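# Examining the three-dimensional arrangement
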Amino acid sequence: MNKLSCYIPLLCLVLPAFTACKKMDDTYRKFAVPDGIFYSGKANQPQVHAGHNRAKITWLRNADPNVATAKVFWNNYTDSISVTIPPAGDTISCIISNLPEKIYSFIIKTYDAKGNSSVPVEVFGASYGDTYQSSLLSRIVLNTVLYPDSAVATWSSADISNGAYATQIKYTDTLGNNRVSSFPISSTTSAIRDLKPGTGYQYRTVFLPDSLSIDTFYTDYVTSRPFAIRPQNWKIANSSSPLPGDQYTVTNMIDGNPRTLWVGQPAYPHWFSVDMGTPHQITSFTLYRAPGDDRGCDTFKLWTSSDNITWTDLGTFTFNRQTDEGQLFNIPLHPWARYFKFTGLTGPQSYIVLGDISAEGF
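A few words on the overall build of the chain. Looking only at helices and strands, the chain has two helices and 25 strands in total. Classification of the 362 residues of the chain by burial places 41% in the buried group. In the chain, once contacts between residues fewer than 6 apart in sequence are set aside, the share between residues at least 24 apart is 68%. Within the structure as shown, the chain displays about 20000 Å² of accessible surface, and the carbon and sulfur contribution to it stands at 54%.

Following this line, the structure appears as structure tokens:
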């Protein structure tokens, strides 16, 4: 058998297949795009930075030098914004304003000068507004203690789950300047070292909805309550006859501990005066009995003075000897004073037993 006769069967198999392929090419040729479809380089690592009724969209520049513009679409392509790609820089960004508060799907497409687009890139993000703002809770100040060199606020826990990240305090400093100081939300105390004497402060909580947010949100300012005036530098200026000995001395009344007793003898009235070291605006006093001891006074008077010579009568007060709780007595006049005087007027015994007295104010 010659070679030709060997190839004839093979040709019989190949020719029909070739003819079929040619017919198929003719069928799809009209749908083909000459030189193929060209896509420009897509947006890389897009991110949404949430804001107050707005959002900032960013992405990294791709390696395609022909990319000239981009479009960001949202609301199922019904809204869009065009972005010109700058000739330099690693990050491309745009800000979309007037966004109602909700979660969005943003679609980014890039384009070259010929109008060829990239494949779409989707990224999700949010815009925040009145609903989020109304949900924010201000951090609560538990107390403020006034020391000789500072006012120290102690805070409750903060609304971290909602984005609380700082506490701001607005106050007037010793030079009369208005100041705003920020403290990290992780701090449980905040010290103001240049607070103008006789003044309080205002505070609010600062929120970021998420770590990428471009806008901060604030609660309303809250005015501080009167401070606890720390008896750190207080001294007894004078007193009626105390019981001899250190254990029950009248200085126990200003050591901040109701469990240390003052026992005054021999008979009413029992009194003492205190030098606070610096003048304060007094808003109230708190008086404590000795724990479990009902031999305190029934009535007493309070006085204030600027010079330990001339005294202002603040009134007569009634004390409940049956409770260990501190009893607060408001002073409506809010006098400025460096000195105050306590005078026990009546009680169940001729002597007096008390635990502590403190002052509140600015």
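This paragraph deals with the sheet that holds strand E5 (residues 91-97). The sheet built from three strands is open, its strands ordered E1-E2-E5 with antiparallel pairing. Unpaired on one side and paired on the other, strand E1 (44-50) and E5 mark the two borders of the sheet. Averaged over all neighbouring strand pairs, the angle between strand axes comes to 15°, with direction disregarded. Across five bridges, the pairing between E1 and strand E2 (residues 54-60) is antiparallel. Bridge pairing links Val48 to Ile57 in E2.

Here we come to the side chain of Asp112. Counting through the fold element by element, Asp112 comes out in strand E6 (residues 102-112). Here Asp112 occupies a buried position and makes no salt bridge, while the nearest side chain of opposite charge, Lys114, is found at 6.7 Å. For Asp112, the side chain forms a polar contact with the main-chain nitrogen of Lys114, separated by 3.0 Å.

Turning next to the packing of aromatic side chains. Evaluation of the coordinates by the stated rule reveals 17 aromatic pairs. On the numbers, 5.0 Å between centres and 85° between planes, the contact of Phe300 with Phe329 is edge-to-face. Placement of Phe300 in strand E20 (residues 299-305) and of Phe329 in strand E22 (residues 327-330) is noted, with a sequence separation of 29 residues between them. Comparing Phe300 with Phe329, the two get one shared label, buried. When the ring centre of Trp303 is taken as origin, the NZ or CZ atom of Lys301, which lies over that ring, is 5.4 Å away. Sitting above the plane of the Trp311 ring, Lys341 keeps its charged end 4.9 Å from the centroid.

Our focus in this paragraph is the nonpolar core. Of all hydrophobic cores here, the largest spans 41 residues; its most connected members are Phe342 and Ile357. The biggest single contributor to this core is strand E19 (residues 270-288), with six residues. Ignoring sequence-local partners within four residues, the contact set of Phe342 consists of Trp262, His270, Trp271, Phe272, Leu287, Cys297, Phe300, Lys301, Leu302, Ile352, Leu354 and Ile357. Listed in part, the 19 residues of the second largest apolar core include Val72, Trp74, Ile92 and Leu99.

Right, let's talk about the pattern of salt bridges for a bit. The tally for this structure, following the rule as stated, stands at eight salt bridges. Across the pair Arg179 and Asp173 runs a salt bridge, and its minimum N-O distance is 3.8 Å. For Asp173, a relative accessible area of 5% gives the class buried. Of the charged contacts, one joins Asp275 and Arg338 as a salt bridge, the two residues approaching to 2.8 Å between their closest N and O atoms. Here Asp275 is found in strand E19, whereas its partner Arg338 is found in strand E23 (residues 336-346), with 63 residues between them in sequence. Through salt bridges with shared partners, a single ionic network connects Asp173, Arg179 and Asp194.

Burial of the side chains of E22 is restricted to one face: Gln327 and Phe329 are buried, whereas none of Leu328 and Asn330 on the reverse face is. Sheet topology places E19 next to E22; four bridges connect them, and they run antiparallel. Within E22, the residue paired with Thr286 across the bridge is Leu328.

Take the environment of Leu175 next. As for its placement among the helices and strands, Leu175 is situated in the loop between strand E10 (164-172) and strand E11 (178-184). Remark: the alpha-carbon pair of Leu175 and Asp194, spanning 19 residues in sequence, is separated by 8.5 Å.

Procedures and definitions
Residues numbered from 1 in each chain as written. Predicted model: local features only at pLDDT ≥ 70, side-chain atom pairs only at ≥ 80, totals over all residues. Heavy atoms only, no water. Helix = DSSP H or I, 4+ residues; strand = E, 2+ residues; numbered from the N terminus. Buried < 20%, exposed > 50% of the residue type's maximum accessible area, 1.4 Å probe, protein only. Contact = heavy atoms within 4.5 Å. Areas by Shrake-Rupley, 256 points an atom, 1.4 Å probe, with all protein chains shown as cover. Pairing = 2+ DSSP bridges. Axes fitted to C-alpha atoms, helices over the stretch in contact; angles between N-to-C directions. Lys, Arg positive; Asp, Glu negative; His and termini not counted. Salt bridge = Lys/Arg side-chain N within 4 Å of Asp/Glu carboxyl O. Polar contact = N/O pair within 3.5 Å; in protein donor to acceptor, adjacent residues only side chain to side chain. Phe/Tyr/Trp six-rings, centres within 6.5 Å; stacked < 30°, edge-to-face > 60°. Lys NZ or Arg CZ within 6 Å of the ring centre and 35° of its normal. Core = buried A, V, L, I, M, F, W, Y, C linked by side-chain atoms within 4.5 Å.

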